[in-house]
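Residue-level listing of the chains:
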Amino acid sequence: MPSFSRIVLGLFCLLVAILLLAPTLVVIPMSFNGNKSLAFPPVGFSWQWYANFFSSPDWTTSFSNSLIVALIVAVVATVIGTLAAFGVSRAAARTGGLLRALLITPMVVPGVVLAIGIYAVYLDTHLVGTVTGFVLAHTMLAIPFVLIAVQASLEVFDRRLETAASSLGAGRLTVFRTVTLPLILPGVLSGALFAFITSFDEIIVALFITSPYLKTLPVQIYSSITRDADPTVAAVGTLLFLATSLIIIAGLLLGMRRERT
Amino acid sequence: MHASQPSTGAAIEIRKASKRYGAFTALNDIDLDIRPGEFMTLLGPSGSGKTTTLNLIAGFTDITSGTLEIGGKSVTGLPSHKRNIGVVFQHYALFPHMTVGKNVAYPLALRGIKGDERAKRVRRALDMVKMADFAHRYPSELSGGQQQRVALARALVFDPPLLLMDEPLGALDKKLREWLQLEIKRIHRELGTTFVYVTHDQEEALVLSDRIAVFNGGRIEQIGTGRELYDTPATLFVGRFIGESTVLRGSAEVSGDETAMVIGGQRVFAHGRLADGARPVILLRPERVALKRVGADVVAGENRLTGTIAEAIYLGSGSKYEVRLSDGTTAVARSPLGAADFVIGDTVDVTFLRSDLILLPDDASADVTLT
Amino acid sequence: MTATPDDGAPNAAATDLAQSPFLSRFRPRGPVWLATPALFVLLLVLAYPLGIVLWRSFSDPAIGIDNYVWFFQSAVNRAVLQRTFVVAAWVTLACLICAYPYAYAMTIVGRNMRLALILCVLVPFWLSGVVRTLAWVILLQDSGVINSMLRGIGLPPVKLIRTLPGVVIGMTQVLLPFMILPIYSVMKGIDTRLLPAARSLGAQPWKAFLQIYVPLSLPGVYAGAIIVFILSLGFYITPALLGGPRSILLSSLVQNQVLSLLNWGRGGAMGVVLLVATFLLLAIAAPLMRQKHTASRREV
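Conventions and cut-offs
Residues numbered from 1 in each chain as written. Chains lettered and ligands numbered in written order. Predicted model: local features only at pLDDT ≥ 70, side-chain atom pairs only at ≥ 80, totals over all residues. Helix = DSSP H or I, 4+ residues; strand = E, 2+ residues; numbered from the N terminus. Contact = placed C-beta atoms within 7 Å. Pairing = 2+ DSSP bridges. Axes fitted to C-alpha atoms, helices over the stretch in contact; angles between N-to-C directions. Buried ≥ 20, exposed ≤ 12 C-beta atoms within 10 Å, placed from the backbone. pLDDT = per-residue confidence, 0-100. Core = buried A, V, L, I, M, F, W, Y, C linked by C-beta atoms within 7 Å. Parallel < 35°, antiparallel > 145°, perpendicular 65-115°, else oblique. Left-handed = near helix turned anticlockwise from the far one by under 90°. Nonpolar A, V, L, I, M, F, W, Y, C, P; charged D, E, K, R; others polar.

Asker: Looking at this structure, I do not really get the overall build of chain A. What am I missing?
Answerer: Broken down by element type, chain A carries 12 helices and zero strands. Across chain A, helices and strands are ordered from the amino to the carboxyl terminus as α-α-α-α-α-α-α-α-α-α-α-α. If one aligns the C-alpha atoms of chain A with their principal axes, the spans along those axes are about 70 × 65 × 30 Å. Partitioning the intrachain contacts of chain A with sequence separation of at least 6 by distance along the chain shows that 75% fall at a separation of at least 24.

Right, dumping it as structure tokens:
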């Protein structure tokens, strides 16, 4: 390609990169606002919104609720999703394809439709505002992510190694423990991370099945945005932004190191 | 597993074994006896049933009908991990997350062998394949040939009475393959373990084996030493698969104990006759053929067919000629150094003794392209 | 055994073999039943709830298709439905325009630059959608960043929040990673040696790009477009926070019917319409997403 089009391409990509990242950065100055307002520009400087996040029960309980639910979901969805990934990738081609299509439907069902359905069911079964209710719904939403992550590593896993292990005297469970699992572990772990974040960030279903007694962090953020102009929400946004960026940078560095060895 | 204490190899007895996958028959009613300590090669083209046979012995797949005994015991229904058989795969199958040492120690760990004993045996196995210096490397840091040597050590470290090898050298280049063939032969001699070796490479089979079983279309065509298979093939398929050959076809006339065949207007005589109904063909080994200028003296018992040199290849140790006969058949001849030279286009007499002809029943399935 | 039995010579038989007990017999099997727990969860929290929605749309308050008749007879509803599709189309188009060059750039730059570009995609991809929408609220609001900048250079403020363009802008930014990632994953598999090859055969650089590269990248484009379009159709948070009464989308209407009006039948009917539209789109688009040019791909 001529260098002129390279320059145009470079400039364009710079703009896209700015579009991707910059708008979110606006929460950072807002989180240090001296006034209780989300109006721009912020006035003065203050840590009070961070202090508020760590001391206000509304924020701390919703944060710990989200953490608890997401941790349980990460464990449950990873186990269930990994099992399913084995089922899918070792089934006959057609059965496997059908099963996979079925198991990833949660990704394409419009959130609100799902949310009203789950809400209806939870109203009848008294699961509204319960950890069980959240875990169930979020597990269902997280299964596709685990499935895809584990399946990807199963695809590159050389199953002939299992044959070899078997010929060397390993029974089925030993083969899984000593050969299969260690080799697909990166996929399983990234599946767990996906599951955690899916649950931690989930809002639509949460908005419906939440109760005053059990709120998750996204619900709290949402209601804070709609109800008042409390800059605490910008402080939370900043913290989440930093945490997300750190995890991704760590992941990328880890991936790079693995590439090198 | 070392020379001073050779383990006894296991015998294998396969009777009327068949393996079917739905409508597809991979193995059709085979009988195969392998003696303790023998080096038996299963030779055949792709899809001939040789790997299926190996998989049956290893326990990777179940027999559909028939019996299979290893070391005098039926192993039907016994899963592969309880058969105590070493297997070496074409694709090495080393565990990428374990070092060479851990790979070789793996079967020992499964057998509850610990500590010094385990370390000693790992060391010995790696010494045997000359890989002791690589114990701390990962498989990805090794070349193909090195990986296969480690795989061999891993398959032998637990002293199995039987070692199965499935085209273990198939992925390696020619030089390395030849060297490893000799290594495998040496190890076999040292250990006394029964080796069953699958390959589609007839030269490899000839180099390695005590005996060779030639597979074709899910059946065994012939079992014998390399010499037997070359000199007295039982079927046209075996004759063509092992070594080079020329196949002559024509209308046959049988009189007494002699068969005459008319090829492009010329008559060729062969000793022997085939059972009634079988259409005979003549198989001719290139080194049994002598090319002579047209009009040379006729030796007693000699057949001759006239043809034109289509290709002349200088091989160093001699020359190889392809001669187009009048009926269109291409005959292959090898002449030793010092024999008369011919160039493309020369008209020659292709001569051969009646006693050197191999008379075989025709078999269309032998005409599939052999690689 | 070797995974592909050398003995499975006939190709037709090879497919049979893949399904025969041959391959599963000796392996630590992962039979289909391992998926049962996952299927059970899906049945419980996906199929059953959707079944309830479907059932209520035909039965609440009375058995029949009244709710659907109501939905399609109301001009307001039809307008919302149409707007939802139009917004989805605009968002998809905007994402595609931004994503294609970006994804292409990701495949041709050096390692460090690529990492930076990937980081720019992954951070928004993983960051909570509510937080990113919050950022847009701060940017677009009447007292927001954009308007205070306009005021700063002496221009009149622009109404951005609670307008359709505001919704489209916000949704585009939130959904952009979903377009970039599939396109990139296809593009990085395209053999870049094809372009010099085409040029050596006499094609001009731009022609080579359009005739060789673009067709090969289409499966990624289709995949990204369908994902973004489907997500747009069901998008709720961003339009709810950035939109106003005149830019309401179907999801908000559903939510409103159920949570505010407690009208499960009508809300359900709208939900079913949304669901059916989504699955119809998927069914139509699924064949497009399949990678057809596998021969020209290479491992990267």
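On we go from here.
Asker: Whenever I open this one, the sheet that holds strand β21 (residues 358-361) of chain B confuses me. Can you help?
Answerer: All names here are of chain B. The antiparallel open sheet is built from three strands, whose spatial order is β11-β15-β21. Sheet topology places β11 (246-248) and β21 at the edges, where each strand pairs with a single neighbour. Taking each pair of neighbouring strands and ignoring which way they run, the sheet shows an average axis angle of 35 degrees. In this structure, strand β15 (residues 280-284) lies alongside β21, joined through four bridges in antiparallel fashion. Across the sheet, the residue bridging to Ile-282 is Leu-359, located in β21.

Asker: Quick question: what am I supposed to make of the environment of Phe86(A) here?
Answerer: Residues and elements named next belong to chain A. Its location among the elements puts Phe-86 in helix α4 (residues 57-90). On the neighbour-count criterion, Phe-86 (23 C-beta atoms within 10 Å) is buried. Taking the C-alpha atoms as reference, Phe-86 lies 42 Å from Leu-14; in sequence the two are 72 residues apart.

Asker: In this structure, what is going on with the interface of chain A and chain C? I would like to understand it.
Answerer: A common measure of how large an interface is: the accessible area buried when the components associate. Taken together, the contact between chain A and chain C spans 79 residues of the former and 78 residues of the latter. Per-element accounting of the side of chain A that touches chain C gives the leading share, 10 residues, to helix α1 (residues 3-25) of chain A.

Asker: I keep staring at the confidence of the model for chain C and nothing clicks. Help me out?
Answerer: In low-pLDDT segments, the atomic positions of the prediction should not be examined closely. All names here are of chain C. On average, residues of chain C carry a pLDDT of 82, and 86% of them reach 70 or more. The least confident element of chain C is helix α1 (residues 11-19), whose mean pLDDT is 36; the most confident is helix α3 (residues 36-59), at 95. Contacts for the low-pLDDT stretch residues 1-30, under 50 throughout, to residues beyond four places or in other chains number 72 contacts. Contacts for the low-pLDDT stretch residues 292-300, under 50 throughout, to residues beyond four places or in other chains number 12 contacts. Scoring the predicted complex yields pTM 0.81 and, for the interface, ipTM 0.89.

Asker: Just checking my understanding: could you explain the nonpolar core for this structure?
Answerer: Generally speaking, a soluble globular protein has its nonpolar side chains buried in company with each other. Ile118(A) and Ile143(A) are the most contacted members of the largest nonpolar core, which totals 163 residues. In contact with Ile143(A), other than residues within four places in its own chain, are Ala77(A), Ile80(A), Gly81(A), Ala84(A), Leu103(A), Pro106(A), Ala38(C) and Val41(C). Phe95(B), Val196(B), Leu283(B) and Leu284(B) belong to the second largest nonpolar core, which has 102 residues in total.

Asker: Even after reading the chapter, I still don't get the packing of α4(A) against helix α7 (residues 131-156) of chain A, so can you show me in this structure?
Answerer: What describes two packed helices is the angle between their axes and the distance between those same axes. Residue and element names in this part refer to chain A. At a closest axis distance of 6 Å, the pairing of α4 and α7 adopts a crossing angle of 45 degrees. Considered as vectors, α4 and α7 are oriented oblique to each other. Note that α4 runs across α7; the crossing there is right-handed. Among the residues forming the contact of α4 with α7, the class breakdown is 19 nonpolar, seven polar and one charged.

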